Amino acid sequence: MLLSPEINIPLGAFRPLSLRLEDFLLIPIFLAWLGRLALRGESCTLVRTPLDIPILLIVTLNIISTARGVMLGDLSREMSFFYNLKLIEFYLLYFVVVNSIRRSAQVKFFLIFILIKTTFIINAHIADETRGSKRKSVESQTHSHRNYRRSVFLDHRFKTRC
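Quick notes on the rules
- Residues numbered from 1 in each chain as written.
- Predicted model: local features only at pLDDT ≥ 70, side-chain atom pairs only at ≥ 80, totals over all residues.
- Heavy atoms only, no water.
- Axes fitted to C-alpha atoms, helices over the stretch in contact; angles between N-to-C directions.
- Helix = DSSP H or I, 4+ residues; strand = E, 2+ residues; numbered from the N terminus.
- Parallel < 35°, antiparallel > 145°, perpendicular 65-115°, else oblique.
- Contact = heavy atoms within 4.5 Å.
- Left-handed = near helix turned anticlockwise from the far one by under 90°.
- Nonpolar A, V, L, I, M, F, W, Y, C, P; charged D, E, K, R; others polar.

A. Region of the structure containing the packing of helix α2 (residues 52-72) against helix α3 (residues 77-100). Their axes nearest at 10 Å, the elements α2 and α3 cross at an angle of 175 degrees. Looking at the two axes, α2 sits roughly antiparallel to α3. Contacts between α2 and α3 involve D52, I55, I58, V59, N62, I63, T66 and V70 on the former and, on the latter, R77, S80, N84, L87, I88, Y91, Y94 and F95.

Okay, here's the thing in structure tokens:
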């Protein structure tokens, strides 16, 4: 994610929506994989993993809690839709990779690829930090988002009591 181009779209008051190259590529990749399954007749050979049920529960709870936040007026409908779509896209990528791997050589290839990409990301981050970049770190963005959600939650609790 660090090395792909990014477009910031201001949808809400809190922070802009960041769309990256992989956001545009993941849905066509998933649809192509589904098309390949349909053409080959492999729909009955989906690999079951121990993570299937937990991922389904996480996605379901995320959609339910987001819907509640939108109904209470705490969350923007547009921002919530895109952030949930991004989350679901990456879970779909997990299922595509798990169901596409057939041999141990493919696992080795994916692991080497992940290690190479991680090395690039670490080096880019170190170079960015040594230059004294003015960008906010992911940790500070997460921390400010957490404080925002906490203040919205507390504000809602106090409004309902009074």
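Back to the write-up after that little detour.
B. Examining the environment of F90 more closely. Considering the arrangement of structural elements, one finds F90 in helix α3. Residues F90 and D23 lie 67 residues apart in sequence; the distance between their C-alpha atoms is 9.0 Å.

C. Focus on the packing of helix α1 (residues 21-40) against α3. Axis separation between α1 and α3 bottoms out at 10 Å; the angle between their running directions is 40 degrees. Comparing their axes, α3 and α1 come out oblique. Here α1 and α3 pass one another in a crossing that is left-handed. Across the interface between the two elements, E22, D23, L26, I27, I29, F30, W33 and R36 of α1 pack against K86, E89, F90, L92, L93, F95, V96, N99 and S100 of α3. Of the residues belonging to the contact of α1 with α3, the class tally is 10 nonpolar, 2 polar and 5 charged.

Interpretation note: all reported values are geometric properties and have no functional meaning in isolation.
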